[in-house]
Amino acid sequence: MADGKAKLWGGRFKCGVDPIMEEFNCSLPFDRHMYSEDLDGSVAYARAICGAKLITEAERDELIRGLEEVRKEWAAGTFESKDGDEDIHTANERRLKEIVGPVAGKLHTGRSRNDQVATDMRLWLRKKQAGITRLMGQLLSTFCDVADREMDTLMPGYTHLQRAQPIRLSHWLMSHASALSRDYQRLGEVRDRNNVCPLGSGALAGNPFDVDRDALAENLAFHGRSLNSMDAVSDRDFVVEFLFWASLTMIHLSKWAEDMIIYSSKEFSFVRLSDAYSTGSSLMPQKKNADSLELIRGKCGRVMGQCNGFMITLKGLPSTYNKDMQEDKEPLLDCVKTMEGVLAIAEGVLRTCEFDAARMRSALSLEMLATDVAYYLVRKGMPFRQAHEAAGNVVKISEDKSIELSAIPLEDLKPISDLFAEDFKEVWNYNQSVEQYQAPGGTSRSSVTCQIGSVRQLLAHARTYNKPFWA
C-alpha cells in the first residue's frame, strides 16, 4: 500500500492507501493539462504571503525560482511524476521541494487544494475561452464573406422540409450566422462570470493571515475576487455554464450541418464539399461522404451529455467542496477539445465548399410564389384571409388543369376576384419576389446586406471584461 504519511494530508493516518484506491483517487492523468495555471497560482500566492509577512522576500524569490524550474520541466516534457502524485498540485509541490528544499513547505500556508483547484480551472478555462472566441469569430467572418459572395444566388426556402418560398442563399447563411452570433455574445458573458478569483478562500472558512485577495486577483489578471469563501471552493457554475454554452452552440452547428448534409446529397446537389473535408467508402468507390458534417452533428450529443451528466453530479452535493467535484475536469477538458475541433472544421467546410447557383435556381417552382398571389390581392385592398383563400383557389385551378400557375388565363381568374388584372403576370418573377421583403431581417438584398454588416460590426468591437457586481 502507498504510504499515507507521505501524502499532503497524511499526518493523522495510521496506514497507507490501497493501490486500487490510489488509482481511483488520482486525477493527475487529466489535471496535468493545468500544470501551467497551477504554477501561475502558486507564483501569485508566494507573492501574496510575502506581502502578508509570512515569508521573506528571499524565500519568495527562491519559491518563484523553483516554480519556474518546474514549469520548464513540464514544457520540455521532462517532468517525472512519481507514486503519490495524486493530482497536479501534489506533483508540483513535491517537485518544488526537491528543487528548493524545506522552504517549499511554506507555500501552502493558508491555502487549500480546494481554492487552488478552483483557481487553476478558472485560469485554464479563461485561456481556452479566448481561443474559442477567436475560432467563433473566424467562423462568423466566413459566414459573412460567403453570404456577401453569394448575394445574387436564389434558392428554395423550406419549412417542414417542403419547398416554401424563394430566398437568397445569403439569407439562409445569415440565419445560421445569427444564431452563432448569439453564441458568440453568450460566450463573452460566460467568460465574465468565470473571470473571478477564488484563491485566498482556503478550505472553506477563508484565509486567516490577512492575505490581500484583491492584489491576488489583480496579479492573476482576474477582474475581481469571489464574494464568499464557502461558495468559492464549491462553485462550478463556470463549468456548467461553459458546458451549456457549448451544448447550445452545438445545437446550432448541428442544425447547419444537417442542412448542409441534405443540400450536398445527390437529390439536392445544391453544394459540393471539398475533398479536404469529405471521405469515401471502403466498398462503394462512387461515394463521397460528408463525414465532417456528420461528425459535427454527432458530437452535439456528446457535448450535451457531458453537460447533463455534470449537472446531475452537482445536484445532490452538500455545501463546500466534495470529492465528487473532481468529476468536473474530464467533461470540461473533453468539451473544450471538441469545440476547438468542431469550430475549426465548420469554418473549413464553409470556406472551401462550392454552391451551385444554377442547380438552386432550377429547384425554384412557381408554386412557391402562391403566397405572392395573396400579397398581390392584399396590395389591391383585399383582406389577407380572403386573399389567402383566393390564392388557394388559384392553386387549385393549376392542379385541376395540370398547368403552371403563370399559364392560367385571366378569364379563369376573374371568377375568383375582379382584382386580377393584366399586371398579375408580374407576380411570376423570383427576383422580384425576394426583393419585396425589405423589412429588417428579410431576404431582400438591402436587408441581408444589413444583417451581414451587423455581424461584422459585432466582430469588430472586441468585448471587454465586466467586473462582478460586488467588485
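Residues numbered from 1 in each chain as written. Predicted model: local features only at pLDDT ≥ 70, side-chain atom pairs only at ≥ 80, totals over all residues. Heavy atoms only, no water.

Some thoughts on the overall build of the protein
For step 1, the next point in the chain: Secondary structure assignment for the protein yields 18 helices and 4 strands.
For step 2, the next point in the chain: In terms of C-alpha radius of gyration, the protein reaches 31 Å, well past the compact-globule figure of 23 Å for 471 residues.
For step 3, the next point in the chain: Over its C-alpha atoms, taken along the principal directions, the protein stretches across nearly 100 × 55 × 40 Å.
For step 4, the next point in the chain: Here the protein holds 471 residues, and 49% of them are scored as buried.
For step 5, the next point in the chain: When contacts within the protein are restricted to residue pairs at least 6 apart in sequence, long-range pairs at least 24 apart make up 75% of them.
For step 6, the next point in the chain: Carbon and sulfur atoms form 52% of the exposed surface of the protein, whose accessible area is close to 23000 Å². (Helix = DSSP H or I, 4+ residues; strand = E, 2+ residues; numbered from the N terminus. Rg over C-alpha atoms; globule rule 2.2 N^0.38 Å. Buried < 20%, exposed > 50% of the residue type's maximum accessible area, 1.4 Å probe, protein only. Contact = heavy atoms within 4.5 Å. Areas by Shrake-Rupley, 256 points an atom, 1.4 Å probe, with all protein chains shown as cover.)

Remarks on the packing of aromatic side chains
For step 1, the next point in the chain: In the structure shown here, the tally under the stated rule is 17 aromatic pairs.
For step 2, the next point in the chain: By way of ring pairs, the aromatic residues Tyr-158, Trp-172, Tyr-263, Phe-268, Phe-270 and Phe-355 are connected into one cluster.
For step 3, the next point in the chain: The ring of Phe-222 is capped by Arg-126, whose NZ or CZ atom sits 5.0 Å from the centre of that ring. (Phe/Tyr/Trp six-rings, centres within 6.5 Å; stacked < 30°, edge-to-face > 60°. Lys NZ or Arg CZ within 6 Å of the ring centre and 35° of its normal.)

Topic: the environment of Ala-391
For step 1, the next point in the chain: With respect to the secondary-structure elements, Ala-391 resides in helix H15 (residues 384–401).
For step 2, the next point in the chain: Look at Ala-391 and you get buried, because its relative accessible area is 6%.
For step 3, the next point in the chain: Once the C-alpha coordinates of Ala-391 and Ser-178 are considered, the two residues, 213 residues apart in sequence, prove to be 32 Å apart.
For step 4, the next point in the chain: If we skip the residues at most four places from it in the chain, Ala-391 touches Ala-370, Val-373 and Ala-374.

Here we look at helix H5 (residues 88–100)
For step 1, the next point in the chain: Here H5 contains 13 residues, and its C-alpha end-to-end distance of 18 Å stays within 8% of the 18 Å for a straight helix at 1.5 Å per residue.
For step 2, the next point in the chain: Every buried residue belonging to H5 is among Ile-88, His-89, Thr-90, Ala-91, Asn-92, Glu-93, Arg-94, Leu-96 and Val-100, and all of these are buried.
For step 3, the next point in the chain: Residues of H5 that are buried in the fold lie against helix H2 (28–31), helix H3 (35–51), helix H4 (57–76) and helix H6 (113–149).
For step 4, the next point in the chain: The N-capping residue of H5, defined by a side-chain oxygen 3.2 Å from the backbone nitrogen of His-89, is Asp-87. (Expected span 1.5 Å × (residues − 1). Polar contact = N/O pair within 3.5 Å; in protein donor to acceptor, adjacent residues only side chain to side chain.)

Thoughts on the pairing of strand E2 (residues 162–168)
For step 1, the next point in the chain: Looking at chain direction, strand E1 (residues 154–159) and E2 are connected through 6 bridges and run antiparallel. Residue Leu-154 lies in a different strand from E2, and its bridge partner there is Arg-168.
For step 2, the next point in the chain: In sequence, E1 turns back onto E2 through a hairpin of 2 residues, with His-160 there showing a positive phi of about 55 degrees. (Pairing = 2+ DSSP bridges.)

Regarding the pattern of salt bridges
For step 1, the next point in the chain: The full count for this structure, using the stated rule, is 35 salt bridges.
For step 2, the next point in the chain: In this structure, Glu-62 and Arg-65 form a salt bridge, with 2.8 Å as the shortest nitrogen-oxygen distance. In this pair, Glu-62 and Arg-65 are both assigned in helix H4, 3 residues apart and thus about one turn of the helix distant.
For step 3, the next point in the chain: Residue Glu-150 pairs with Arg-149 through a salt bridge whose shortest N-O separation is 3.5 Å.
For step 4, the next point in the chain: Overall, the relative accessible area of 49% leaves Arg-149 in the partly exposed class.
For step 5, the next point in the chain: In the salt-bridge network here, residues are joined through shared partners; they are Glu-73, Lys-82, Asp-85, Arg-94, Arg-95 and Glu-98. (Salt bridge = Lys/Arg side-chain N within 4 Å of Asp/Glu carboxyl O.)

A word on the packing of helix H10 (residues 237–264) against helix H12 (residues 329–352)
For step 1, the next point in the chain: Here H10 crosses H12 at 30 degrees, and the two axes come no closer than 11 Å. It follows that H10 is roughly parallel to H12 by the angle criterion. Relative to H12, the crossing made by H10 is left-handed. Between H10, through Val-239, Phe-242, Leu-243, Trp-245, Ala-246, Thr-249, Met-250, Leu-253, Trp-256 and Met-260, and H12, the contact on the second element is made entirely by Pro-331, Leu-332, Cys-335, Val-336, Met-339, Val-342, Leu-343, Ala-346, Val-349 and Leu-350.
For step 2, the next point in the chain: Partitioned by chemical class, the residues of the contact of H10 with H12 number 19 nonpolar, 1 polar and no charged. (Axes fitted to C-alpha atoms, helices over the stretch in contact; angles between N-to-C directions. Parallel < 35°, antiparallel > 145°, perpendicular 65-115°, else oblique. Left-handed = near helix turned anticlockwise from the far one by under 90°. Nonpolar A, V, L, I, M, F, W, Y, C, P; charged D, E, K, R; others polar.)

Examining unusual backbone geometry
For step 1, the next point in the chain: One non-glycine residue with positive phi stands out, namely Asp-210, at about 55 degrees.
For step 2, the next point in the chain: Assignment of secondary structure puts Asp-210 in the loop between helix H7 (169–194) and helix H8 (213–219).
For step 3, the next point in the chain: One non-glycine residue, Ser-402, lies in the positive phi region at around 55 degrees.
For step 4, the next point in the chain: Along the chain, Ser-402 falls in the loop between H15 and helix H16 (410–413).

Focus: the side chain of Arg-236
For step 1, the next point in the chain: Relative to the helices and strands, Arg-236 is located in the loop between helix H9 (229–234) and H10.
For step 2, the next point in the chain: For Arg-236, a relative accessible area of 1% puts it in the buried group.
For step 3, the next point in the chain: Of the polar contacts made by the side chain of Arg-236, one reaches the side chain of Asp-328; its length is 2.7 Å.
For step 4, the next point in the chain: Setting aside residues no more than four positions away along its own chain, Arg-236 makes contact with Val-117, Ala-118, Met-121, Phe-310, Leu-314, Tyr-321, Met-325 and Asp-328.

Digging into the side chain of Ser-433
For step 1, the next point in the chain: The topology assignment puts Ser-433 in helix H17 (residues 430–435).
For step 2, the next point in the chain: Overall, Ser-433 belongs to the buried group, its relative accessible area being 1%.
For step 3, the next point in the chain: Filtering out sequence-adjacent residues up to four positions away, Ser-433 remains in contact with Pro-166, Leu-369 and Asp-372.

Quick notes on the packing of H7 against helix H18 (residues 445–460)
For step 1, the next point in the chain: The geometry of H7 relative to H18 is characterised by a closest axis approach of 10 Å and an angle of 25 degrees between their N-to-C directions. Considering their axes alone, H7 and H18 lie roughly parallel with respect to each other. Like other packed secondary-structure pairs, H7 and H18 cross with a definite hand, here left-handed. Listed contacts from H18 to Ser-170, His-171, Met-174, Ser-181, Tyr-184 and Gln-185 of H7 are Val-448, Gln-451, Ile-452, Val-455, Leu-458 and Leu-459.
For step 2, the next point in the chain: Within the contact of H7 with H18, the residues separate by chemical class into 7 nonpolar, 5 polar and no charged.

Considering the nonpolar core
For step 1, the next point in the chain: Within the largest apolar cluster, 71 residues are counted, with the highest numbers of intra-cluster contacts made by Trp-172, Trp-256, Met-260 and Phe-355.
For step 2, the next point in the chain: Considering each element in turn, this core owes the most residues, 15 residues, to H10.
For step 3, the next point in the chain: Apart from residues no more than four positions distant in its own chain, Trp-256 is found in contact with Phe-143, Trp-172, His-176, Leu-293, Ile-296, Ala-346, Val-349 and Leu-350. (Core = buried A, V, L, I, M, F, W, Y, C linked by side-chain atoms within 4.5 Å.)

Remarks on the state of the cysteines
For step 1, the next point in the chain: The final tally for this structure, using the stated rule, is 0 disulfides.
For step 2, the next point in the chain: Cys-144 forms no disulfide, and the closest cysteine sulfur to it belongs to Cys-450, at a distance of 12 Å.
For step 3, the next point in the chain: Cys-144 gets classed as buried once you look at its relative accessible area, which sits at 0%. (Disulfide = S-S within 2.5 Å.)

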